[in-house]
Amino acid sequence: MKADIFNLWPHGDAPGASQSSARPQIIDLAKEFEPYNRAASGVRCPELAVWYPEESNGTTLLVAPGGSFTRIMIDKEGSSLATFFTAMGYTLAVMTYRLPADGHHEGADAPLADAQRAVRLLRERAARGLNGKRVVMLGFSAGGYVAASLGTRFTEKLYPPQDDIDNLSPRPDALVLVYPVITMRDGMAHATSRQRLLGDWPDNKTVEAYSLETRVSPQTPPVLLIHAVDDESVPVTHSMAFFSALREQKVPVELHFYERGGHGFGMRNLADSPLASWPMLVTEWLRAQKTAIPAG
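Reading guide: rules and limits
- Residues numbered from 1 in each chain as written.
- Predicted model: local features only at pLDDT ≥ 70, side-chain atom pairs only at ≥ 80, totals over all residues.
- Heavy atoms only, no water.
- Pairing = 2+ DSSP bridges.
- Helix = DSSP H or I, 4+ residues; strand = E, 2+ residues; numbered from the N terminus.
- Salt bridge = Lys/Arg side-chain N within 4 Å of Asp/Glu carboxyl O.
- Buried < 20%, exposed > 50% of the residue type's maximum accessible area, 1.4 Å probe, protein only.
- UniProt positions renumbered as here; feature names shortened; annotations may be inferred.
- Core = buried A, V, L, I, M, F, W, Y, C linked by side-chain atoms within 4.5 Å.
- Contact = heavy atoms within 4.5 Å.
- Expected span 1.5 Å × (residues − 1).
- Phe/Tyr/Trp six-rings, centres within 6.5 Å; stacked < 30°, edge-to-face > 60°.
- Lys NZ or Arg CZ within 6 Å of the ring centre and 35° of its normal.

Participant: What is the right way to read the sheet that holds strand β3 (residues 38–41) from this model?
Facilitator: Hydrogen bonds between backbone groups are what pair the strands of a sheet, and the pairing can be parallel or antiparallel. The sheet built from 3 strands is open, its strands ordered β2-β3-β6 with antiparallel pairing. Of all strands in the sheet, those with a lone pairing partner are β2 (25–28) and β6 (72–73), marking the two edges. In the sheet, β2 pairs with β3 via 4 bridges, with the strands oriented antiparallel. Opposite Ile-26, over in β3, you have Ala-40 as the bridge partner.

Okay, here's the thing in structure tokens:
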């Protein structure tokens with residue numbers, strides 16, 4: 001399947017990208033006899049790769065792949081989702097986003113600024129009939145942090161308006177978070193993600209501000225959380241902390257644990273594994289949510 005690819009920002013590079021140290025690179029981490037497994041780093045010009053269904057169900061899935069804020073796993077947690085989800089009627093939009101340690105103007109908020117712009121761009125395209133009107137953000141690992149940041153911080157103004165698209169709402173209609181990074185607190189944080197996001201010695205105020213369980217509000221959209229209990233990279237305590245915060249704010253939420261699966265299982269090589277059920281779990285949850293979520 002071939003994707004349409006277009007820039008998030010009107011001039012290609014994100015605002016202020018010339019000030020950053022980012023050096024764009026894509027490498028293929030695939031092993032012999034395995035599918036290609038590209039990883040992007042040094043992103044200056046964030047993009048959306050979009051796959052379309054034969055018959056739309058009215059929903060666009062905006063995907064933020066993971067990669068510990070060191071790189072972005074654009075195939076393993078991105079393009080590999082296209083066949084299944086487009087067959088189910090979804091438009092699939094996989095984003096690349098700027099990495100926080102590359103010296104961008106927004107610093108730790110650069111990925112969130114790109115996510116805000118991505119939702120707004122998808123809403124503008126929906127108004128022209130180019131993709132589903134309902135926008136759901138699906139994030140994996142560090143990409144789950146980007147998605148959860150958007151769901152809790154969508155009102156923040158992180159960049160100067162570029163065009164009329166920036167008048168549109170960046171709030172996603174729902175979130176699907178798969179083994180997400182959530183908290184930056186000592187003893188719980190994923191070390192690499194925290195270091196890349198906040199540096200070596202963040203103060204307590206910064207740690208709390210970027211621990212997303214502290215940012216939930218009643219306006220946070222409904223959330224589906226999926227995690228493996230034996231995940232040793234990003235422990236299930238991340239999803240549990242977010243679940244508890246959502247429940248406290250009375251935000252609709254479901255949490256699904258798999259006994260085994262580790263971290264980074266994505267969507268490949270899951271045949272004959274209980275993990276193979278997670279994509280269908282997503283579609284069933286979104287179908288159940290559809291009557292409760294205003295489109296666009």
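Having seen it, we continue.
Participant: Before we go on, may I ask you to explain the pattern of salt bridges in this structure?
Facilitator: Opposite charge on two side chains allows them to pair when their charged atoms are near. Scanning the entire structure with this criterion turns up 16 salt bridges. In this structure, the salt-bridge partner of Asp-114 is Arg-98, at a minimum N-O distance of 3.0 Å. With Asp-114 in helix α2 (residues 110–127) and Arg-98 in the loop between β7 (91–95) and α2, this pair connects stretches of sequence that are 16 residues apart. Considered together, Asp-114 and Arg-98 belong to a single accessibility category, that of buried residues.

Participant: Sorry, what's going on with the UniProt feature "domain: BD-FAE-like" (unreviewed entry) in the chain here?
Facilitator: Under the present numbering, the feature "domain: BD-FAE-like" (unreviewed entry) in UniProt falls on residues 80–246. Across residues 80–246, helical content stands at 36% and strand content at 14%; the span's end C-alpha atoms are separated by 30 Å.

Participant: Looking at this structure, how should I read the environment of Pro-222?
Facilitator: Note on placement: Pro-222 falls in the loop between α5 (204–209) and β10 (223–228). Since its relative accessible area comes to 11%, Pro-222 is described here as buried. For the pair Pro-222 and Asn-7, spaced 215 residues apart in sequence, the C-alpha to C-alpha distance is 28 Å.

Participant: I tried to follow the nonpolar core on my own but got confused; where do I start?
Facilitator: In summary, soluble globular proteins display a tendency toward joint burial of nonpolar side chains. Counting residues in hydrophobic clusters, the biggest one holds 56 residues, and the most contacted among them are Leu-48, Leu-62, Met-95, Met-137, Leu-177 and Phe-242. Of the residues forming this core, the biggest block, 7 residues, is contributed by α2. Those residues in contact with Met-95 that lie beyond four places of it in its chain are Leu-8, Glu-47, Leu-48, Leu-62, Val-63, Ala-64, Pro-65, Ile-72, Asp-114, Ala-115, Ala-118 and Met-137. Formed by 30 residues, the second largest nonpolar core is a distinct cluster that contains Leu-61, Ala-82, Leu-92 and Ala-228.

Participant: Would you mind showing me how to read the environment of Ala-191 here?
Facilitator: Within the secondary structure, Ala-191 sits in helix α4 (residues 191–198). Classification of Ala-191 as exposed rests on a relative accessible area of 59%. With 43 residues separating them along the chain, Ala-191 and Val-234 place their C-alpha atoms 9.2 Å apart.

Participant: Is there a simple way to explain helix α7 (residues 278–289) in this structure?
Facilitator: Every α-helix winds through 3.6 residues per turn, so residues three or four apart in the chain are directed the same way. If you check α7, its first and last C-alpha atoms are 16 Å apart, about what 12 residues at 1.5 Å a residue would give, namely 16 Å. Of the surrounding elements, those touching the buried residues of α7 are β5 (59–64), α1 (82–87), β8 (134–140), β9 (174–178), β10 and β11 (253–258).

Participant: Can you help me understand the packing of aromatic side chains in this one?
Facilitator: Aromatic ring pairs: the centre-centre distance and the angle between the two ring planes describe each pair. Scanning the model with the defined rule gives 8 aromatic pairs in all. The interplanar angle of 85° and the centroid separation of 4.7 Å between the aromatic rings of Trp-9 and Tyr-159 together place this pair among those described as edge-to-face. Placement of the pair is Trp-9 in the loop between β1 (4–7) and β2 and Tyr-159 in the loop between α3 (142–153) and β9, with a sequence separation of 150 residues. When its relative accessible area of 10% is taken as the criterion, Tyr-159 is described as buried. For the ring pair Phe-84 and Phe-85, a centre distance of 4.9 Å and an interplane angle of 90° mean the geometry is edge-to-face. For Phe-84, a relative accessible area of 22% corresponds to the partly exposed category. The structure contains a cluster of three or more aromatic residues connected by ring pairs, namely Phe-84, Phe-85, Tyr-90, Phe-140, Tyr-179, Phe-265 and Trp-278. Geometry around Phe-154 places Arg-171 over its ring, the cationic atom sitting 5.9 Å from the centre.

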